[in-house]
Amino acid sequence: MAYINKDMDNWLSQVIEAPLDPDLPICDPHHHLWNGPGDRGRYLVEDYLADAGSDHRIVSTVFIECGTMYRNNGPISLRPLGETEFARDAGSRPAEGRRGPVDIAAGIVGFADLTMGYEVSSLLEKHITAGAGQLRGIRQVATWDSDPAIPSMGFSRDMIRSEKFREGFSCLKKFGLSFDAWQYYTQLLDLADLARAFPETTIIVNHVGGPLGIGRHAGKDHDVFREWKRGMGELGNCPNVMVKLGGLGMPRTGFEWHMQTRPPDSASLAKKMTPYFHFCIETFGADRCMFESNFPVDKTSFSYTILWNAFKRICAHGSPDERNALFHDTATRVYRLTQRDVS
């Protein structure tokens, strides 16, 4: 699916809302940028700003790896360095939204194959150099399901538990790097085992732990939610684990907003998302949770303004400290962001 798509923008334009609490500072800790090839099209800083820079007060962002702009030659293990360099350069220029400057890619989460074991150390050093002070962590997607109808990007069901992966994971600590974890809800107990084995490495759970609603999981909302709660509850007992609240706009979650004649408004989004997000906030606390856009991936289901309005509705009764944590402070603390001069 191309994410710069006039038909998509026309569909999204059917539902327009003014931003709620527009002066609330936001750090968006999870978005992508990319520039082909393939059917994803182009999504660069100017495209992100067109979505994010007009209504809510986005002050900083974290770029998350997405397999773009790899080097075209050299050893395969080193090719992802091209993506870190791309994100570094994207964040090196001043960016301005309607509500003020936006520090794009203030933090970068790159990709390194941790199944290289201890040998990954030299690659992590090269990533840090390529990031020029912006690299904060590594993500290696572990999503796996036995149903071929569900996209699987992990090497195997047991990747997180494998000896080689854990050897590579152990190298993150000495470089002060965190780990962004994306797996499905059926793999959360494996992730909890990893978190207990490496309590000094920060793990940031992407996309509220990966609930599914398609393929063999379709029509089993109650069972999925129950198992998801069990896994997230285990992770909640691990102080080194944080959670990103978002990612539910992906079609694999089964909410099917992308199939509606009209896109959802923020109130209907909030109603569907609240059970997941409230459980996380209650289990982890606001100081371990952060709202994420997952743009442009979630753009297939709703606009940027609508999404952040839904987030603001979900925590409307929270204290000022809780809201500040969920929208800004947790992300900037966990990713160790500081205001950069990119003039």
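First, a word on what this report is: a plain description of the structure on this page. (Residues numbered from 1 in each chain as written. Predicted model: local features only at pLDDT ≥ 70, side-chain atom pairs only at ≥ 80, totals over all residues. Heavy atoms only, no water.)

**As for the sheet that holds strand β9 (residues 178-181)**
Point 1. Strand order in this open sheet of eight strands is β1-β4-β7-β8-β9-β10-β11-β12, and the pairing throughout is parallel. Single-partner strands in this sheet number two, and they are β1 (26-31) and β12 (289-291). Strand after strand, the sheet turns through a mean of 30° between neighbouring axes, direction not considered.
Point 2. Where β9 meets strand β10 (residues 203-205), three bridges bridge the pair, whose relative direction is parallel. The partner of F179 across the bridge, within β10, is I203.
Point 3. Of the strands in this sheet, β9, β10 and β11 (241-245) touch helix α6 (residues 188-197), which is tilted by about 160° from β10.
Point 4. Against the sheet, helix α10 (residues 320-334) contacts β1, β4 (58-64), β10, β11 and β12, and its axis sits at roughly 115° relative to β12. (Pairing = 2+ DSSP bridges. Helix = DSSP H or I, 4+ residues; strand = E, 2+ residues; numbered from the N terminus. Axes fitted to C-alpha atoms, helices over the stretch in contact; angles between N-to-C directions. Contact = heavy atoms within 4.5 Å.)

**Some thoughts on α6**
Point 1. For α6, every residue scored as buried is listed here: L188, D190, L191, A192, L194 and A195.
Point 2. Looking at the packing, one finds that the buried side of α6 touches α5 (163-170), β9, β10, α7 (221-236) and β11. (Buried < 20%, exposed > 50% of the residue type's maximum accessible area, 1.4 Å probe, protein only.)

**Looking at the layout of surface pockets**
If a probe the size of a water molecule is rolled over the atoms, the empty space left behind becomes visible.
Point 1. Within this model, the second largest pocket holds a volume of roughly 350 Å³.
Point 2. What lines the second largest pocket is a set of 17 residues, and nearest its centre among them are D221, T253, G254, F255 and Y276.
Point 3. Sorting the residues of the lining of the second largest pocket by element identifies α7 and α8 (266-284) as the ones contributing at least two each.
Point 4. Taken together, the residues that form the lining of the second largest pocket break down as ten nonpolar, four polar and three charged. (1 Å grid on protein atoms, 1.4 Å probe; cavity = no way out; pocket = protein on both sides within 12 Å on 5 of 7 lines; lining within 4 Å. Points joined across faces, edges and corners; volume = space filled by probe spheres on them. Nonpolar A, V, L, I, M, F, W, Y, C, P; charged D, E, K, R; others polar.)

**Describing the packing of α6 against α7**
Point 1. It is the contact of α6 with α7, at a shortest axis distance of 8 Å, that shows an interaxial angle of 5°. In terms of orientation, α6 and α7 fall into the roughly parallel class. Between α6, through L188, L189, L191, A192 and R196, and α7, the contact on the second element is made entirely by W228, R230, G231, M232, E234 and L235.
Point 2. Each residue belonging to the contact of α6 with α7 can be placed in one class, and the counts come to seven nonpolar, one polar and three charged. (Parallel < 35°, antiparallel > 145°, perpendicular 65-115°, else oblique.)

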